[in-house]
Amino acid sequence: MKHVIALDVGGTGMKAALVGADGALLYEARRATGRERGPDAVVESILAFAADLRAHGEKHFGESALAAGVAVPGIVDAEHGIAVYASNLGWRDVPMRRLLGERLGGVPVALGHDVRTGGLAEGRIGAGKGADRFLFIPLGTGIAGAIGIAGAIEEGAHGYAGEIGHIVIRPDGPDCGCGQRGCLETLASASAVSRAWAAASGDPKADAADCAKAVESGDPKAVAVWRDAVDALAAGLVTALTLLDPRTLIIGGGLAEAGETLFTPLRAAVEERVTFQKLPHIVPAALGDTAGCLGAGLLAWDLLSTEVSA
Ligand SMILES: [Zn+2]
């Protein structure tokens, strides 16, 4: 059966799949990156995992994978197939496409940025299915974004497009890892809400999910923390939709798991701020943590279809 290899590399774990032509997941596996052993060990873990997936396909589906797609964190030069930088994995300028191609017997390899790759899947087969223009924003440890235009994701001239988490919302706000202050991700990521709620509740272990529960039970301190995050998020989203005019805004990541506790006030706060802009549909992500892997499979299949048509 014809299939491709899909790999989603995270900070600590890797998700992988063999994906059929119709997008079906034929086989799924997970493995640790081994990042405690250093950046070279992570690269070797990825290559070995891919080789094992190829062997699995040969054994169980009668042929080896036609192509591979890989999503990696950090900064990615997709055009040249280079994983430029990832702070959580410690690597710099890894020629991932070439290394994987060599390990996989010369099959074509597509390399993508993790959030943009997840966005591709959400836009095409997930929450944004059918939307010609969408924005995918996962609210996790940080906040990133993927700009979907006509079935593809905009990467920008240097691979930085969509970094909505570093829009400055409050110039006098908390320090951000990027060097600025008051970036959206310091105010409205799941980590930011966890920090704010741990401080406000006096429980250092309390996190964003606990805050959402406290909001639902009407705790006024939690309501204040939540409102602060929702206000910051709405300000960031209005900046994004003023620039991009998306039809659908897909919100994912840990914070979106709060469901309507997040979405109801968020839709209201965005609506309050827009003047001439058209309101997009604001919807929760549908694919959860498989988005990156499914997107990597789509990248691999896209590569094959462009090769055939070229
Ligand atoms: Zn920042």
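Predicted, not measured: the structure shown is a model, and the values here were computed from it. (Residues numbered from 1 in each chain as written. Predicted model: local features only at pLDDT ≥ 70, side-chain atom pairs only at ≥ 80, totals over all residues. Heavy atoms only, no water.)

**Quick look at the overall build of the protein**
Of the regular secondary structure elements, the protein holds 9 helices and 13 strands. Taken against the 2.2 N^0.38 rule, which gives 19 Å for 310 residues, the C-alpha radius of gyration of the protein at 20 Å falls within 12% of a compact globule. Reported as C-alpha extents along the three principal axes, the dimensions of the protein are approximately 60 × 45 × 35 Å. Intrachain contacts of the protein at a sequence separation of at least 6 include 60% that bridge at least 24 residues. (Helix = DSSP H or I, 4+ residues; strand = E, 2+ residues; numbered from the N terminus. Rg over C-alpha atoms; globule rule 2.2 N^0.38 Å. Contact = heavy atoms within 4.5 Å.)

**Let's talk about the nonpolar core**
The biggest cluster of nonpolar side chains holds 44 residues, and the ones touching the most others in it are Ile 137, Trp 226, Leu 237, Ile 251, Leu 262, Leu 266 and Val 270. With residues up to four places along the chain from it excluded, the contact list for Trp 226 reads Val 193, Ala 208, Cys 211, Ala 212, Val 215, Leu 255, Ala 258, Thr 261, Leu 262 and Pro 265. Residues Val 42, Phe 49, Met 96 and Leu 111 belong to the second largest nonpolar core, which totals 31 residues. (Core = buried A, V, L, I, M, F, W, Y, C linked by side-chain atoms within 4.5 Å. Buried < 20%, exposed > 50% of the residue type's maximum accessible area, 1.4 Å probe, protein only.)

**Brief notes about the sheet that holds strand E6 (residues 82–86)**
Ordered by their spatial adjacency, 3 strands build an open sheet running E5-E6-E7, and the pairing between neighbours is antiparallel. The sheet terminates laterally at strand E5 (75–77) and strand E7 (91–94), the two strands that pair on one side only. Averaged over all pairs of adjacent strands, the angle between strand axes in this sheet comes to 15°, irrespective of strand direction. One ladder, built from 3 bridges, connects E5 with E6; its direction is antiparallel. By the bridge assignment for E6, Asp 77 is matched with Ile 82. (Pairing = 2+ DSSP bridges. Axes fitted to C-alpha atoms, helices over the stretch in contact; angles between N-to-C directions.)

**A few points about the sheet that holds strand E8 (residues 109–113)**
Paired through their backbone hydrogen bonds, the strands of a sheet run either parallel or antiparallel. Spatially, the 5 strands line up as an open sheet ordered E3-E2-E1-E4-E8, and their pairing is mixed. Bordering the open sheet on either side are strand E3 (25–32) and E8, each of which pairs with just one other strand. When strand polarity is set aside, the average angle formed by the axes of neighbouring strands in this sheet is 15°. Looking at chain direction, strand E1 (residues 3–9) and strand E2 (residues 13–20) are connected through 7 bridges and run antiparallel. By the bridge assignment for E2, Leu 7 is matched with Ala 16.

**Overview of helix H2 (residues 96–103)**
Looking only at H2, the buried set comprises Met 96, Leu 100 and Gly 101. Considered in projection along H2, the buried side chains sweep an arc of 125° and stay on one side of the axis. Along its buried surface, H2 packs onto helix H1 (39–61), strand E4 (68–72), E6, E7 and E8. (Arc of directions from axis to C-beta.)

**Brief notes about the packing of helix H6 (residues 208–216) against helix H7 (residues 220–244)**
The N-to-C vectors of H6 and H7 enclose an angle of 120°; their axes lie 8 Å apart at closest approach. Comparing the axis directions of H6 and H7 gives the class oblique. Along this stretch, H6 crosses H7, giving a crossing that reads as left-handed. Together, Ala 208, Cys 211, Ala 212, Ala 214 and Val 215 of H6 and Ala 222, Val 223, Val 225 and Trp 226 of H7 make up the contact between the two elements. (Parallel < 35°, antiparallel > 145°, perpendicular 65-115°, else oblique. Left-handed = near helix turned anticlockwise from the far one by under 90°.)

**Here we look at the layout of surface pockets**
As a volume, the largest pocket reaches approximately 1,500 Å³. Residue lining of the largest pocket: 45 residues in total, with Asp 114, Val 115, Pro 138, Gly 142 and Ala 144 positioned closest to the centre. Put simply, the parts of the chain that give the lining of the largest pocket at least two residues each are E1, E2, E6, helix H3 (114–125), strand E9 (133–138), strand E12 (248–252) and helix H9 (291–309). Taken together, the residues of the lining of the largest pocket break down into 19 nonpolar, 18 polar and 8 charged. Taken as a whole, the second largest pocket holds about 340 Å³ of empty space. Put simply, the parts of the chain that give the lining of the second largest pocket at least two residues each are E8, H3, strand E11 (152–154) and H9. It is E8 that contributes the most residues to the lining of the second largest pocket, 5 residues altogether. Among the residues forming the lining of the second largest pocket, the class breakdown is 9 nonpolar, 4 polar and 6 charged. (1 Å grid on protein atoms, 1.4 Å probe; cavity = no way out; pocket = protein on both sides within 12 Å on 5 of 7 lines; lining within 4 Å. Points joined across faces, edges and corners; volume = space filled by probe spheres on them. Nonpolar A, V, L, I, M, F, W, Y, C, P; charged D, E, K, R; others polar.)

**Some thoughts on the pattern of salt bridges**
Counting across every chain of the model gives 11 salt bridges. In this structure, Asp 302 and Arg 124 form a salt bridge, with 2.7 Å as the shortest nitrogen-oxygen distance. Separated by 178 residues along the polypeptide, Asp 302 in helix H9 and Arg 124 in helix H3 bring together distant segments of the chain. The class of Arg 124 is partly exposed, set by a relative accessible area of 29%. Ionic pairing is found between Arg 181 and Asp 175, a salt bridge with its closest N-O pair at 3.7 Å. With relative accessibility at 42%, the residue Arg 181 sits in the partly exposed group. (Salt bridge = Lys/Arg side-chain N within 4 Å of Asp/Glu carboxyl O.)

**Let's talk about helix H5 (residues 190–201)**
What sets the pattern is the α-helix's 3.6 residues per turn: residues three or four places apart point alike. Its 12 residues give H5 an end-to-end C-alpha distance of 16 Å, which sits within 8% of 16 Å, the value for a rise of 1.5 Å per residue. Considered for burial, the residues of H5 that qualify are Ala 190, Ala 192, Val 193, Ser 194, Trp 197 and Ala 198. On its buried face, H5 is in contact with helix H4 (184–188), H6 and H7. (Expected span 1.5 Å × (residues − 1).)

Function cannot be read off these values alone, since they describe shape.
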